[in-house]
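# Observations on the three-dimensional arrangement
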Amino acid sequence: MAIARVAIVGLGLIGSSIARAVKDRLPQVAVTGYDASADVRDVARALGLCDTVADDPVAAVAEADLVIFAVPVGGMADAARAAAAGLRGGVIVSDVGSSKAGVGAALRAALPGHVVIPAHPVAGTENSGPAAGFASLFDGRWCIVTPDADAPAAAVAALTGFWEALGAKVDVMDAAHHDMVLAVTSHLPHLIAYTIVGTASELEEVTESEVIKYSAGGFRDFTRIAASDPVMWRDVFLANKDAVLATLQRFNEDLTVLQQAIRRGDAAKLEDWFTRTRAIRRSIIAEGQDDPAPDFGRRH
Ligand code: NAD
């Protein structure tokens, strides 16, 4: 299946990065964009992100071979319903949402009779909006595609090829498994960062200026994650509730183990644990998923 035109609904960080990557890597593919915000549409036009930025979703998706919904997870169903009348037969409908089982169900319910193949590029930053995107965002990053058992193989292959052309590596997995894996690798870390940054700001014995002044001790690395888009993350936790709560239960148990080791002065337990976690960081670097430079490559 050839993809000659892609429509992107939602031109924020991820949608605008897809638009930029298509222009950069697939110049023969036409890009139409739409965003519910008139301001975002204006910025998209000023930046020349797409060949056409439409003022309504039905016009945006007409003629597209691939439609990608890049809106917050909780807005997928509304965005799909608003565009439904413009979809042509044979179109591949996809998305980039950070949780997959609920989003897949919502898109299929909103677009009966259409081929829906959800996907999640595991790439992003703490910034949002159309100006925050960049063409190389997906380079060397994984994109997880979660087709149903009855998804046409040719459509799955076309979507996989599209993401590979944008620089991503593609894995295909079941949506429920995706949600459990991402609960551990992304959603729980965000929850922890949101918690610790909130806790620090409320500690009465430590002033806010001290929290900021001494943040290089570790705190500031959490603040990058805790600066992520509030609406996007509100929706992720509501959509992936079960997997997040299951993972959080395990986290709480492990936290209690470490708490006990500290109280009992169990040096061996702490050292073993931290040795294991240091090895995980080294594997991430070995896999090319982060910069080997110390301190995340910050210049000092
Ligand atoms: P963003 O806030 O930068 O952009 C979202 C855009 O969607 C906004 O411009 C908003 O106006 C628009 N929008 C909202 N509702 C709409 C609707 N009904 N119709 C049309 N446009 C609408 O967010 P983002 O970071 O690009 O996230 C988009 C999606 O990508 C989310 O589902 C998120 O879970 C997923 N995602 C994000 C990241 C990340 O790191 N930010 C990574 C991977 C996947």
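What comes next concerns the included structure.

Calculation criteria
- Residues numbered from 1 in each chain as written.
- Predicted model: local features only at pLDDT ≥ 70, side-chain atom pairs only at ≥ 80, totals over all residues.
- Heavy atoms only, no water.
- Core = buried A, V, L, I, M, F, W, Y, C linked by side-chain atoms within 4.5 Å.
- Buried < 20%, exposed > 50% of the residue type's maximum accessible area, 1.4 Å probe, protein only.
- Helix = DSSP H or I, 4+ residues; strand = E, 2+ residues; numbered from the N terminus.
- Contact = heavy atoms within 4.5 Å.
- Axes fitted to C-alpha atoms, helices over the stretch in contact; angles between N-to-C directions.
- Parallel < 35°, antiparallel > 145°, perpendicular 65-115°, else oblique.
- Left-handed = near helix turned anticlockwise from the far one by under 90°.
- Near = heavy atom within 4 Å.
- Polar contact = N/O pair within 3.5 Å; in protein donor to acceptor, adjacent residues only side chain to side chain.
- Nonpolar A, V, L, I, M, F, W, Y, C, P; charged D, E, K, R; others polar.
- Pairing = 2+ DSSP bridges.

Here we come to the nonpolar core. Ranked by size, the top nonpolar core spans 41 residues in total, and within it Val6, Ile18, Val22, Phe138, Phe162 and Trp163 carry the most contacts. Looking at this core, the elements with two or more residues in it are β1 (5-9), α1 (13-25), α2 (38-47), β4 (66-69), β8 (142-145) and α6 (153-165). Once you skip the residues sitting within four places of it in the chain, Phe162 turns out to touch Ile3, Val6, Ile18, Val22, Leu26, Leu66 and Ile68. In terms of nonpolar packing, the next biggest core, distinct from the first, is built from 23 residues, Tyr34, Ala60, Val71 and Val91 among them.

Positive phi outside glycine occurs at Asp295, with the angle close to 55°. Along the chain, the position of Asp295 falls in the segment after α12 (267-286). The exposure class assigned to Asp295 is partly exposed, which follows from its relative accessible area of 29%.

Right, let's get into the packing of helix α4 (residues 76-83) against helix α5 (residues 101-110). Taken N-terminus to C-terminus, the directions of α4 and α5 make an angle of 25°; their axes are 9 Å apart at the nearest point. In terms of axis orientation, α4 runs roughly parallel to α5. With respect to the hand of their crossing, α4 and α5 are arranged in right-handed fashion. Contact residues: α4 offers Met76, Ala77, Ala80 and Arg81, while α5 offers Val103, Ala106, Leu107 and Ala110.

Turning our eyes to something else, we now look at the site of the ligand. Taken together, 27 residues are adjacent to the ligand, and Ile14, Asp35, Val71, Ser98 and Gly129 come closest. Within the backbone of Leu13, a nitrogen or oxygen atom sits 2.9 Å from an oxygen atom of the ligand. Here an oxygen atom of the ligand sits 2.6 Å away from a polar atom, N or O, in the side chain of Asp35. Those elements giving two or more residues to the shell around the ligand turn out to be α1, α4 and β7 (119-121). Along the lines of polarity and charge, the residues of the shell around the ligand split into 16 nonpolar, ten polar and one charged.

This paragraph deals with the sheet that holds β7. Sheet architecture is open: three strands sit in the order β7-β8-β9, paired in mixed fashion. For this open sheet the edge positions go to β7 and β9 (169-172), each flanked by a neighbour on one side alone. The average undirected angle you get between the axes of adjacent strands in this sheet is 20°. One ladder, built from three bridges, connects β7 with β8; its direction is antiparallel. Along β8, the bridge assignment pairs His120 with Ile144.

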